[in-house]
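# Secondary and tertiary structure notes
The primary structure of each chain is shown beneath.
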Amino acid sequence: MKKAISVLSGGLDCVVATCVYAKDYDVHAITFNYGQKNFEQELKASKEICEKMGFEHTVIDLPWLCEISNSSLNTDDEVPKLSDDELDNEKICQKSASSVWVPARNMVFTSIATSFAESLGAEIIIVGWDKEEAHTFPDNSEDFLNTFNELISVGSPDEIEIKAPVIDLDKDEIVKLGHEISAPIELSYSCYSGGNKHCGICESCVRRKRAFIKAGIKDLTEYE
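Described below are features of the structure shown in this document. Residue positions are given per chain, counting from 1 as you read along its sequence in written order. In keeping with the predicted nature of the model, local features appear solely for residues at pLDDT of at least 70, side-chain atom pairs appear and are counted solely at 80 or more, and the whole-chain, interface and lining totals rest on all residues. Side-chain descriptors were evaluated using all non-hydrogen atoms of the structure, hydrogens and water having been removed beforehand.

## Here we look at unusual backbone geometry
Heads up, the condition is: For each residue, the accessible area found with a 1.4 Å probe, counting protein chains only, is set against the maximum for its type, and the residue is called buried under 20%, exposed over 50%, and partly exposed in between. Strands are runs of DSSP state E lasting at least two residues, helices are runs of H or I lasting at least four, and both sets are numbered from the N terminus onward.
The phi dihedral of alanine 104 is positive, around 55°, even though this residue is not glycine. Looking at alanine 104, the relative accessible area reads 31%, which means it is partly exposed. In this structure, serine 182 is a non-glycine residue whose phi angle is positive, near 60°. Inspection of the secondary structure assignment puts serine 182 in the loop between helix H8 (171–180) and helix H9 (203–215).

Below you can see the structure in the form of structure tokens.
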């Protein structure tokens, strides 16, 4: 069976993206610990997803990334809180994105995933980059995807391609797709704050809640 590497945080987007390829590839998922507040919950979600889907799972510690990061995900700074009507306010969302930005995170993750792909003979790397977050996170954009694929084609001796099946989708469309392909989205974890339950008020939680509502699909997430 063909092999794939999945960059799996346990979040909604990457779970759905990975499950798009689950039937056709032997998936090896990798989850990163870079000192983020929600690591324990991300790890729990990723483990449960991998067990349910039969994916092999590796956890990679990146303590140095935590040490150099000033992100509110890695420090004692409070994670920004947004209301539903602020999600389409570009200025507010840019400020929120700046607060949670981790230096070159997706560049680092994808480079390491490429190492795994070369080592294990995987043909594709699966990521959960999406259209909605690309507005404020440039490393979720189609330009970033195409540029990184070009870099791999130049810098790797193997034929490896990054696949981002939800890159043209908003969150509600991702929820619909996940429902259609029976992805275990109920096991996913999206909260920035890292509580046992989703806080319901950070930007990631608010986008998640809105997505299920717009998709018309029951949200089984437990919120504070």
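## Points about the pattern of salt bridges
Operational definition: Here a salt bridge means any side-chain nitrogen of Lys or Arg lying within 4 Å of a carboxyl oxygen belonging to Asp or Glu.
Under the counting rule described, the total for this entry stands at 9 salt bridges. Put simply, aspartate 13 and lysine 171 hold a salt bridge, and the shortest N to O gap is 2.5 Å. Of the two residues, aspartate 13 sits in helix H1 (residues 12–20) while lysine 171 sits in helix H8, which places them 158 residues apart along the sequence. By the burial criterion, aspartate 13 is buried, and lysine 171 matches it. Notably, a salt bridge pairs lysine 81 with glutamate 78, separated by 2.0 Å at the nearest N-O pair. What you see here is one network of salt bridges that share partners, running through Asp88, Glu132, Glu203, Arg207 and Arg210.

## Things to note about the packing of aromatic side chains
Using the following cut-off: Ring geometry is summarised as follows: Phe, Tyr and Trp rings, the Trp one being its six-membered ring, pair when their centres sit within 6.5 Å, and such pairs are stacked at plane angles under 30 degrees, edge-to-face over 60 and tilted between the two. Lysine and arginine charges are scored as sitting over a ring when NZ or CZ, respectively, is within 6 Å of the ring centre and within 35 degrees of the ring normal.
Applying the stated criterion to the full structure yields 6 aromatic pairs. Summarising the aromatic geometry, the rings of phenylalanine 32 and phenylalanine 109 are spaced 4.1 Å apart at their centres and angled 5° between planes, so their arrangement reads as stacked. Of this pair, phenylalanine 32 sits in strand E2 (residues 26–33) while phenylalanine 109 sits in helix H5 (residues 105–120), and the two are 77 residues apart along the sequence. Classification of phenylalanine 109 by relative accessible area gives buried; the value is 8%. Pairing tyrosine 34 with phenylalanine 109 gives two aromatic rings, centres 5.6 Å apart and planes at 55°, and the pair type is tilted. Linking tyrosine 34 in the loop between E2 and helix H2 (39–53) with phenylalanine 109 in helix H5, this pair joins segments that are 75 residues apart in sequence. The ring of tyrosine 223 has lysine 209 sitting right over it, with the charged end atom 5.4 Å from the ring centre.

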